[in-house]
Amino acid sequence: MRRVCPIAAYISIDMTPTDPAAIALYEQNVGPILAQYGGELIARDEKPIYAEGDRKPSLAVIIRFDNKEAFRRFYDSAEYTPWREFRMAHAQESAVVIEGIDAA
């Protein structure tokens, strides 16, 4: 039986790297920062299925945080800010943060 827990926050990222090697470096270095702020990689897919619309990323990612505030602490942190700028320079992307039920 699944137990319903408090609301979590999930960021869904659609990304098309312009420099795949740079994005690999980004992922390697951001992983520990993400963990420091409670972020957990839920899914990473280099061949997502395009169900509808104009979204056609070559990489799709979902990351879980305890809540939106935890996401914001990570996103605005001094540790992540230079990597965020690095990522933006080496990929085209869009992202959305949504609340969702966290099932344990």
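To be clear, the structure that these remarks concern was listed above.
Residues numbered from 1 in each chain as written. Predicted model: local features only at pLDDT ≥ 70, side-chain atom pairs only at ≥ 80, totals over all residues. Heavy atoms only, no water.

What to know about the packing of helix α1 (residues 20-36) against helix α3 (residues 81-90)
Point 1. At a minimum axis separation of 10 Å, α1 and α3 run at an interaxial angle of 155°. Classified by the angle their axes make, α1 and α3 are roughly antiparallel. Once α1 is placed against α3, the crossing between them reads as left-handed. Taking contact as the criterion, the partners of Ala 22, Ile 23, Leu 25, Tyr 26, Asn 29, Val 30 and Ile 33 in α1 are, on α3, Trp 83, Phe 86, Arg 87 and His 90.
Point 2. Residues that form the contact of α1 with α3 fall into these classes: eight nonpolar, two polar and one charged. (Axes fitted to C-alpha atoms, helices over the stretch in contact; angles between N-to-C directions. Helix = DSSP H or I, 4+ residues; strand = E, 2+ residues; numbered from the N terminus. Parallel < 35°, antiparallel > 145°, perpendicular 65-115°, else oblique. Left-handed = near helix turned anticlockwise from the far one by under 90°. Contact = heavy atoms within 4.5 Å. Nonpolar A, V, L, I, M, F, W, Y, C, P; charged D, E, K, R; others polar.)

Details of the nonpolar core
Point 1. Within the largest apolar cluster, 18 residues are counted, with the highest numbers of intra-cluster contacts made by Ile 11, Ile 13, Met 15, Ile 63, Phe 65, Phe 74 and Tyr 80.
Point 2. Those elements giving two or more residues to this core turn out to be β1 (4-17), α1, β3 (59-65) and α2 (68-75).
Point 3. Broken down by element, the residue count for this core peaks at five residues, all from α1.
Point 4. Setting aside chain neighbours within four positions, we find Phe 65 in contact with Ala 8, Ala 9, Ile 11, Leu 34, Tyr 37, Gly 38, Gly 39, Ala 70, Phe 71 and Phe 74. (Core = buried A, V, L, I, M, F, W, Y, C linked by side-chain atoms within 4.5 Å. Buried < 20%, exposed > 50% of the residue type's maximum accessible area, 1.4 Å probe, protein only.)

Some thoughts on the pattern of salt bridges
Point 1. Within this structure, the stated rule accounts for five salt bridges.
Point 2. A salt bridge links Arg 64 to Asp 66, with the shortest nitrogen-to-oxygen separation between them at 3.1 Å.
Point 3. According to the relative accessible area criterion, Arg 64 is buried, its value standing at 12%.
Point 4. For Asp 66, a relative accessible area of 45% corresponds to the partly exposed category.
Point 5. Among the ionic pairs, Arg 87 bridges to Glu 93, the shortest N-O distance being 1.8 Å. (Salt bridge = Lys/Arg side-chain N within 4 Å of Asp/Glu carboxyl O.)

Focus on the packing of aromatic side chains
Point 1. Here the structure, examined in full by the defined rule, presents eight aromatic pairs.
Point 2. Taking 5.6 Å as the distance between ring centres and 35° as the angle between the ring planes, the aromatic pair formed by Phe 65 and Phe 74 counts as tilted.
Point 3. Given the relative accessible area of 1%, Phe 65 is considered buried.
Point 4. Each residue in the set Tyr 26, Tyr 37, Phe 65, Phe 71, Phe 74, Tyr 75 and Tyr 80 is aromatic and connected to the rest through ring pairs, giving one cluster.
Point 5. In this structure, Arg 84 is placed above the aromatic ring of Tyr 75, and the distance from its NZ or CZ to the ring centre is 4.5 Å. (Phe/Tyr/Trp six-rings, centres within 6.5 Å; stacked < 30°, edge-to-face > 60°. Lys NZ or Arg CZ within 6 Å of the ring centre and 35° of its normal.)

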